[in-house]
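Residue-level structural notes
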Amino acid sequence: MERHINTIGVLTSGGDAPGMNAAIRAVTRTARSNNINVIGIQRGYQGLIDKEFLKFTSSSVSNTIQRGGTILKTARSKAFMTEEGRKQAYANMVEAGIDALVVIGGNGSLTGAQLFAREYDIPIIGLPGTIDNDLYGTDSTIGYDSALNTIVECVDKIRDTANSHDRIFFIEVMGRDAGFLAQNSAIASGAEAAIIPEGSTDVDQLAEFIERGKRKSKNSAIVLVSEAQKDGVGGAFYYAERVKKEYPQFDARVTILGHLQRGGTPSAYDRILASRMGYAAIEALLEGQRNIMVGIKNDEIVYVPISRAVKMNKPINQELITVLNVLSL
Ligand code: F6P
(Lines give C-alpha, C1' and ligand atoms only; values in the text may rest on other atoms or scores of the structure.)
Protein backbone atom coordinates (compact mmCIF):
# COMPACT_ATOMS: atom_id res chain seq x y z
CA MET A 1 0.00 0.00 0.00
CA GLU A 2 1.28 3.47 -0.86
CA ARG A 3 2.13 5.60 2.14
CA HIS A 4 1.24 9.26 2.34
CA ILE A 5 4.38 11.34 2.75
CA ASN A 6 3.78 14.24 5.05
CA THR A 7 7.30 14.94 6.34
CA ILE A 8 10.70 14.03 4.97
CA GLY A 9 14.12 14.14 6.57
CA VAL A 10 17.18 15.10 4.54
CA LEU A 11 20.76 14.41 5.53
CA THR A 12 24.28 14.42 4.12
CA SER A 13 26.64 11.63 5.14
CA GLY A 14 30.24 10.51 4.58
CA GLY A 15 32.80 12.74 2.86
CA ASP A 16 31.38 16.14 1.91
CA ALA A 17 31.25 17.06 -1.76
CA PRO A 18 30.73 20.38 -3.57
CA GLY A 19 27.11 20.55 -4.72
CA MET A 20 25.62 18.93 -1.61
CA ASN A 21 24.07 22.28 -0.66
CA ALA A 22 22.50 22.60 -4.10
CA ALA A 23 20.99 19.13 -3.55
CA ILE A 24 19.65 20.02 -0.08
CA ARG A 25 18.18 23.19 -1.55
CA ALA A 26 16.47 21.34 -4.40
CA VAL A 27 15.07 18.65 -2.09
CA THR A 28 13.76 21.28 0.34
CA ARG A 29 12.20 23.56 -2.23
CA THR A 30 10.61 20.75 -4.27
CA ALA A 31 9.19 19.21 -1.11
CA ARG A 32 7.81 22.52 0.13
CA SER A 33 6.21 23.26 -3.22
CA ASN A 34 4.35 19.95 -2.77
CA ASN A 35 3.36 20.86 0.81
CA ILE A 36 5.69 18.28 2.30
CA ASN A 37 7.41 19.30 5.55
CA VAL A 38 11.19 19.11 5.63
CA ILE A 39 13.42 18.32 8.56
CA GLY A 40 17.13 18.94 8.06
CA ILE A 41 19.09 16.30 9.97
CA GLN A 42 22.54 17.48 11.03
CA ARG A 43 25.72 15.38 10.98
CA GLY A 44 24.31 12.57 8.89
CA TYR A 45 23.09 9.39 10.56
CA GLN A 46 24.70 10.51 13.81
CA GLY A 47 22.24 13.41 13.93
CA LEU A 48 19.39 10.97 13.44
CA ILE A 49 20.58 9.13 16.54
CA ASP A 50 21.23 12.34 18.52
CA LYS A 51 18.01 14.08 17.36
CA GLU A 52 19.82 16.98 15.72
CA PHE A 53 16.75 18.09 13.80
CA LEU A 54 16.03 21.47 12.21
CA LYS A 55 12.70 22.48 10.70
CA PHE A 56 13.51 23.61 7.15
CA THR A 57 11.57 26.16 5.13
CA SER A 58 12.33 27.39 1.63
CA SER A 59 14.33 30.26 3.08
CA SER A 60 16.49 27.90 5.18
CA VAL A 61 18.30 27.08 1.94
CA SER A 62 18.59 30.61 0.55
CA ASN A 63 22.05 31.71 -0.51
CA THR A 64 23.49 28.18 -0.37
CA ILE A 65 23.69 26.93 -3.98
CA GLN A 66 27.13 28.46 -4.48
CA ARG A 67 28.62 27.24 -1.19
CA GLY A 68 30.96 24.27 -0.84
CA GLY A 69 30.76 21.78 2.04
CA THR A 70 27.36 20.98 3.50
CA ILE A 71 25.17 23.29 5.56
CA LEU A 72 23.79 20.19 7.30
CA LYS A 73 27.31 19.05 8.25
CA THR A 74 28.29 15.45 7.81
CA ALA A 75 29.77 12.51 9.69
CA ARG A 76 30.79 8.90 9.30
CA SER A 77 28.64 7.53 12.13
CA LYS A 78 30.03 4.47 13.89
CA ALA A 79 26.91 4.20 16.07
CA PHE A 80 24.68 3.84 13.01
CA MET A 81 26.64 0.74 12.03
CA THR A 82 25.25 -1.00 15.12
CA GLU A 83 21.71 -2.44 15.45
CA GLU A 84 21.24 -0.43 18.62
CA GLY A 85 22.12 2.81 16.82
CA ARG A 86 19.70 2.16 13.96
CA LYS A 87 16.94 1.26 16.45
CA GLN A 88 17.43 4.61 18.20
CA ALA A 89 17.51 6.42 14.84
CA TYR A 90 14.21 4.82 13.84
CA ALA A 91 12.57 5.66 17.18
CA ASN A 92 13.64 9.31 16.75
CA MET A 93 12.28 9.38 13.20
CA VAL A 94 8.91 8.09 14.34
CA GLU A 95 8.80 10.57 17.22
CA ALA A 96 9.55 13.48 14.86
CA GLY A 97 6.95 12.25 12.35
CA ILE A 98 9.49 11.69 9.57
CA ASP A 99 7.89 9.43 6.93
CA ALA A 100 10.78 9.16 4.47
CA LEU A 101 14.45 10.03 4.13
CA VAL A 102 16.58 11.58 1.42
CA VAL A 103 20.20 10.54 1.96
CA ILE A 104 22.93 12.41 0.09
CA GLY A 105 26.24 10.55 0.22
CA GLY A 106 28.61 8.03 -1.24
CA ASN A 107 28.89 4.27 -1.23
CA GLY A 108 29.13 3.77 2.55
CA SER A 109 26.24 6.12 3.24
CA LEU A 110 23.96 4.47 0.70
CA THR A 111 24.91 1.02 1.99
CA GLY A 112 23.74 2.22 5.43
CA ALA A 113 20.53 3.54 3.85
CA GLN A 114 19.85 0.18 2.25
CA LEU A 115 20.25 -1.66 5.55
CA PHE A 116 18.07 0.83 7.44
CA ALA A 117 15.32 0.68 4.80
CA ARG A 118 15.33 -3.10 4.89
CA GLU A 119 15.21 -3.32 8.69
CA TYR A 120 12.52 -0.73 9.28
CA ASP A 121 10.57 -0.57 6.03
CA ILE A 122 11.31 3.13 5.49
CA PRO A 123 11.10 4.79 2.06
CA ILE A 124 14.58 6.12 1.29
CA ILE A 125 15.80 7.96 -1.78
CA GLY A 126 19.56 8.21 -2.24
CA LEU A 127 21.41 10.98 -4.07
CA PRO A 128 24.98 10.16 -5.14
CA GLY A 129 27.10 12.73 -3.33
CA THR A 130 30.82 11.97 -3.51
CA ILE A 131 33.82 13.37 -5.34
CA ASP A 132 34.94 9.80 -6.15
CA ASN A 133 32.29 9.16 -8.86
CA ASP A 134 32.32 5.49 -7.86
CA LEU A 135 28.58 4.75 -7.75
CA TYR A 136 27.17 2.37 -10.30
CA GLY A 137 24.16 3.53 -12.35
CA THR A 138 25.10 7.18 -12.73
CA ASP A 139 27.47 8.81 -15.20
CA SER A 140 28.41 11.39 -12.60
CA THR A 141 28.08 11.94 -8.87
CA ILE A 142 27.49 15.29 -7.18
CA GLY A 143 30.90 16.85 -6.45
CA TYR A 144 32.96 14.89 -8.95
CA ASP A 145 33.12 17.61 -11.61
CA SER A 146 34.06 20.29 -9.07
CA ALA A 147 36.83 18.13 -7.59
CA LEU A 148 38.13 17.35 -11.06
CA ASN A 149 38.35 21.05 -11.85
CA THR A 150 40.12 21.74 -8.55
CA ILE A 151 42.68 19.03 -9.28
CA VAL A 152 43.33 20.30 -12.81
CA GLU A 153 43.90 23.82 -11.50
CA CYS A 154 46.48 22.48 -9.03
CA VAL A 155 48.22 20.28 -11.60
CA ASP A 156 48.56 23.24 -13.98
CA LYS A 157 50.43 25.08 -11.21
CA ILE A 158 52.65 22.12 -10.38
CA ARG A 159 53.46 21.76 -14.10
CA ASP A 160 55.14 25.21 -14.01
CA THR A 161 57.58 24.22 -11.31
CA ALA A 162 58.05 20.68 -12.69
CA ASN A 163 59.04 22.18 -16.00
CA SER A 164 61.39 24.77 -14.50
CA HIS A 165 63.28 22.10 -12.55
CA ASP A 166 63.14 19.20 -15.03
CA ARG A 167 61.34 17.06 -12.48
CA ILE A 168 58.81 14.27 -12.34
CA PHE A 169 55.90 14.89 -10.02
CA PHE A 170 53.77 12.13 -8.59
CA ILE A 171 50.52 13.85 -7.62
CA GLU A 172 48.23 11.88 -5.36
CA VAL A 173 44.50 12.43 -5.66
CA MET A 174 41.49 10.98 -3.84
CA GLY A 175 39.52 7.92 -4.84
CA ARG A 176 40.56 4.98 -2.68
CA ASP A 177 39.03 2.31 -4.87
CA ALA A 178 38.21 4.23 -8.02
CA GLY A 179 40.45 5.93 -10.55
CA PHE A 180 37.99 8.37 -12.15
CA LEU A 181 39.59 11.44 -10.59
CA ALA A 182 43.15 10.36 -11.44
CA GLN A 183 42.41 9.19 -14.97
CA ASN A 184 40.33 12.14 -16.08
CA SER A 185 42.43 14.81 -14.37
CA ALA A 186 45.45 13.26 -16.13
CA ILE A 187 43.74 13.69 -19.50
CA ALA A 188 42.54 17.21 -18.68
CA SER A 189 45.93 18.41 -17.46
CA GLY A 190 47.99 16.78 -20.21
CA ALA A 191 49.76 14.53 -17.71
CA GLU A 192 52.14 11.78 -18.83
CA ALA A 193 50.46 8.91 -16.97
CA ALA A 194 47.84 7.91 -14.43
CA ILE A 195 48.12 5.11 -11.89
CA ILE A 196 44.67 3.89 -10.93
CA PRO A 197 43.35 1.02 -8.81
CA GLU A 198 41.61 -0.48 -11.85
CA GLY A 199 44.88 -0.83 -13.76
CA SER A 200 48.17 -2.58 -13.20
CA THR A 201 51.19 -0.34 -13.26
CA ASP A 202 54.71 -1.57 -13.43
CA VAL A 203 57.58 0.73 -12.45
CA ASP A 204 59.63 -0.30 -15.51
CA GLN A 205 56.70 0.49 -17.74
CA LEU A 206 56.36 3.88 -16.10
CA ALA A 207 60.07 4.64 -16.50
CA GLU A 208 59.97 3.60 -20.15
CA PHE A 209 57.03 5.90 -20.64
CA ILE A 210 58.85 8.85 -19.08
CA GLU A 211 62.02 8.05 -21.06
CA ARG A 212 60.04 8.08 -24.27
CA GLY A 213 58.78 11.53 -23.33
CA LYS A 214 62.36 12.66 -22.70
CA ARG A 215 63.47 11.41 -26.10
CA LYS A 216 60.77 13.63 -27.52
CA SER A 217 62.43 16.53 -25.65
CA LYS A 218 59.96 16.66 -22.77
CA ASN A 219 61.98 17.62 -19.73
CA SER A 220 59.37 17.05 -17.02
CA ALA A 221 56.57 14.66 -16.30
CA ILE A 222 53.37 14.57 -14.28
CA VAL A 223 51.92 11.29 -13.04
CA LEU A 224 48.50 11.30 -11.37
CA VAL A 225 48.18 8.60 -8.71
CA SER A 226 45.00 7.39 -6.99
CA GLU A 227 45.42 7.41 -3.23
CA ALA A 228 45.16 3.61 -2.82
CA GLN A 229 47.86 2.29 -0.48
CA LYS A 230 50.70 0.14 -1.82
CA ASP A 231 52.70 -1.94 0.65
CA GLY A 232 51.42 0.20 3.53
CA VAL A 233 52.39 3.58 2.02
CA GLY A 234 50.44 6.06 -0.07
CA GLY A 235 50.55 5.29 -3.80
CA ALA A 236 52.42 8.45 -4.81
CA PHE A 237 55.24 7.90 -2.28
CA TYR A 238 55.46 4.25 -3.24
CA TYR A 239 55.97 4.97 -6.94
CA ALA A 240 58.22 7.98 -6.38
CA GLU A 241 60.51 5.94 -4.12
CA ARG A 242 60.64 3.00 -6.53
CA VAL A 243 61.41 5.28 -9.47
CA LYS A 244 64.09 7.17 -7.50
CA LYS A 245 65.75 3.94 -6.47
CA GLU A 246 65.72 2.20 -9.79
CA TYR A 247 66.12 5.22 -12.04
CA PRO A 248 68.18 7.78 -10.10
CA GLN A 249 68.50 9.90 -13.25
CA PHE A 250 64.91 11.08 -12.62
CA ASP A 251 64.44 13.85 -10.06
CA ALA A 252 61.11 12.84 -8.51
CA ARG A 253 58.85 14.74 -6.12
CA VAL A 254 55.49 13.99 -4.49
CA THR A 255 52.48 16.25 -3.93
CA ILE A 256 49.44 15.01 -2.04
CA LEU A 257 46.43 17.15 -2.88
CA GLY A 258 44.40 15.76 0.03
CA HIS A 259 41.27 17.40 1.34
CA LEU A 260 41.58 20.57 -0.70
CA GLN A 261 39.97 18.47 -3.45
CA ARG A 262 36.75 18.27 -1.46
CA GLY A 263 36.41 21.99 -0.76
CA GLY A 264 35.50 25.03 -2.79
CA THR A 265 32.60 26.36 -4.71
CA PRO A 266 30.69 23.79 -6.79
CA SER A 267 31.01 23.94 -10.58
CA ALA A 268 27.99 24.95 -12.66
CA TYR A 269 27.70 21.32 -13.78
CA ASP A 270 27.47 20.07 -10.19
CA ARG A 271 24.95 22.75 -9.22
CA ILE A 272 22.69 21.78 -12.12
CA LEU A 273 23.17 18.05 -11.52
CA ALA A 274 22.37 18.41 -7.81
CA SER A 275 19.33 20.58 -8.56
CA ARG A 276 17.96 18.05 -11.04
CA MET A 277 18.65 15.13 -8.72
CA GLY A 278 17.13 16.82 -5.67
CA TYR A 279 13.99 17.62 -7.65
CA ALA A 280 13.85 14.03 -8.96
CA ALA A 281 14.19 12.62 -5.43
CA ILE A 282 10.92 14.23 -4.34
CA GLU A 283 9.20 13.34 -7.62
CA ALA A 284 10.21 9.72 -7.00
CA LEU A 285 8.80 9.76 -3.47
CA LEU A 286 5.54 11.24 -4.73
CA GLU A 287 5.34 8.47 -7.34
CA GLY A 288 5.66 5.91 -4.55
CA GLN A 289 9.22 4.87 -5.39
CA ARG A 290 11.48 3.81 -2.58
CA ASN A 291 14.97 2.55 -1.93
CA ILE A 292 16.34 3.84 -5.16
CA MET A 293 19.24 6.15 -6.00
CA VAL A 294 18.76 8.97 -8.45
CA GLY A 295 21.32 8.81 -11.24
CA ILE A 296 22.06 10.51 -14.54
CA LYS A 297 22.62 8.59 -17.78
CA ASN A 298 23.13 10.33 -21.13
CA ASP A 299 21.78 13.51 -19.57
CA GLU A 300 18.53 11.82 -18.50
CA ILE A 301 17.53 11.28 -14.87
CA VAL A 302 17.30 7.58 -14.01
CA TYR A 303 16.38 5.62 -10.89
CA VAL A 304 18.61 2.74 -9.82
CA PRO A 305 17.91 0.34 -6.92
CA ILE A 306 20.26 1.35 -4.10
CA SER A 307 21.30 -2.29 -3.80
CA ARG A 308 22.70 -2.20 -7.35
CA ALA A 309 24.26 1.25 -7.03
CA VAL A 310 26.38 0.18 -4.05
CA LYS A 311 27.18 -3.40 -5.03
CA MET A 312 27.96 -3.27 -8.72
CA ASN A 313 31.36 -2.10 -9.86
CA LYS A 314 31.41 1.01 -11.97
CA PRO A 315 34.06 0.33 -14.61
CA ILE A 316 36.46 2.89 -16.04
CA ASN A 317 35.85 3.37 -19.73
CA GLN A 318 38.89 1.75 -21.43
CA GLU A 319 38.85 4.46 -24.06
CA LEU A 320 39.99 6.95 -21.40
CA ILE A 321 43.10 4.86 -20.79
CA THR A 322 43.90 4.69 -24.50
CA VAL A 323 43.29 8.41 -24.97
CA LEU A 324 45.74 9.29 -22.21
CA ASN A 325 48.38 6.88 -23.51
CA VAL A 326 48.19 8.20 -27.06
CA LEU A 327 47.95 11.90 -26.24
CA SER A 328 50.67 11.99 -23.61
CA LEU A 329 53.45 11.02 -25.99
O1 F6P B 1 34.73 9.18 -0.18
C2 F6P B 1 35.21 10.45 -0.39
C3 F6P B 1 36.63 10.58 0.08
O4 F6P B 1 37.06 11.89 -0.18
C5 F6P B 1 37.62 9.56 -0.52
O6 F6P B 1 38.08 9.93 -1.79
C7 F6P B 1 38.70 9.56 0.50
O8 F6P B 1 39.44 8.37 0.46
C9 F6P B 1 37.95 9.69 1.79
O10 F6P B 1 36.74 10.34 1.47
C11 F6P B 1 38.67 10.45 2.87
O12 F6P B 1 37.88 10.44 4.00
P13 F6P B 1 38.13 11.32 5.30
O14 F6P B 1 37.82 12.74 4.97
O15 F6P B 1 37.18 10.77 6.31
O16 F6P B 1 39.56 11.15 5.64
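Residues numbered from 1 in each chain as written. Predicted model: local features only at pLDDT ≥ 70, side-chain atom pairs only at ≥ 80, totals over all residues. Heavy atoms only, no water.

**Some details on the layout of surface pockets**
The cut-off we apply is this: Note on definitions: the grid is 1 Å and covers protein atoms alone; a cavity is a set of points where a 1.4 Å probe fits but cannot get out; a pocket is an open set with protein on both sides within 12 Å along at least five of seven lines; lining residues have an atom within 4 Å of a point. Grid points are joined across faces, edges and corners, and a volume is the space filled by probe spheres set on the points. Secondary structure follows DSSP: runs of H or I at least 4 residues long count as helices, runs of E at least 2 residues long count as strands, and numbering of each begins at the N terminus. Each residue is assigned to one of three groups, with Ala, Val, Leu, Ile, Met, Phe, Trp, Tyr, Cys and Pro labelled nonpolar, Asp, Glu, Lys and Arg labelled charged, and all others, Gly among them, labelled polar. These domain boundaries are the output of an automatic or database domain assignment.
Its boundaries defined by the atoms lining it, the largest pocket holds a volume of some 850 Å³. What lines the largest pocket is a set of 38 residues, among which Arg 76, Gly 106, Asn 107, Gly 108 and Arg 176 lie closest to the centre. Contributing elements (two or more residues each) for the lining of the largest pocket: helix 4 (107-120) and helix 10 (306-311). Broken down by element, the lining of the largest pocket gets its largest block of residues, five residues, from helix 4. Of the residues assigned to the lining of the largest pocket, the class counts are twelve nonpolar, 14 polar and twelve charged. Composition of the lining of the largest pocket by domain shows at least three residues from each of domain 1 (7-143 + 266-311) and domain 2 (145-262). By volume, the second largest pocket is sized at about 360 Å³. Residue assignment for the lining of the second largest pocket shows that the elements contributing at least two residues are strand 7 (193-195), helix 7 (203-215) and helix 11 (318-327). At five residues, helix 7 tops the list of elements feeding residues into the lining of the second largest pocket. Class assignment for the residues of the lining of the second largest pocket results in eight nonpolar, seven polar and four charged.

**Comments concerning the domain arrangement of the chain**
Interface size, as often reported, equals the accessible area lost upon joining of the parts. Filter applied, for reference: The quantity reported as buried area is the accessible area (1.4 Å probe) lost by two parts once they are put together, taken as the sum for both. Any carboxyl oxygen of Asp or Glu that lies within 4 Å of a side-chain nitrogen of Lys or Arg is treated as forming a salt bridge with it. Polar contact is defined as a pair of N or O atoms within 3.5 Å, subject to the rule that within protein one atom must be able to donate a hydrogen and the other to accept it, and that residues adjacent in sequence are counted only when both atoms are side-chain atoms.
In terms of domains, the chain is made up of domain 1 (7-143 + 266-311) and domain 2 (145-262). A separation of 34 Å is found between the C-alpha centroids of domain 1 and domain 2. Both sides together, the interface formed by domain 1 and domain 2 hides about 1000 Å², and carbon and sulfur atoms give 51% of it. Here Asp 16 makes a salt bridge to Arg 262, at a shortest N to O gap of 2.8 Å. Joining domain 1 to domain 2, the criterion identifies eight residue pairs in polar contact (both at pLDDT 80 or more). Its residues assigned to classes, the side of domain 1 that touches domain 2 comprises four nonpolar, four polar and five charged.

**Some thoughts on the site of the ligand**
The test is simple: A molecule or strand has a residue near it when one of that residue's heavy atoms lies within 4 Å. Computed by Shrake-Rupley with a 1.4 Å probe, the accessible areas treat only the displayed protein chains as cover when residues are assessed. To decide whether a molecule occupies a pocket or cavity, check its atoms: if more than half lie within 2 Å of the grid points, it is inside.
In the neighbourhood of the ligand, the contacting residues comprise Arg 76, Asp 132, Met 174, Gly 175, Arg 176, Glu 227, His 259 and Arg 262. The separation between an oxygen atom of the ligand and a polar side-chain atom of Asp 132 is 2.7 Å. Its free accessible area being 400 Å², the ligand has 77% of it covered by the protein chains. The site holding the ligand turns out to be the largest pocket. When the residues that make up the shell around the ligand are grouped by side-chain class, the tally is one nonpolar, two polar and five charged.

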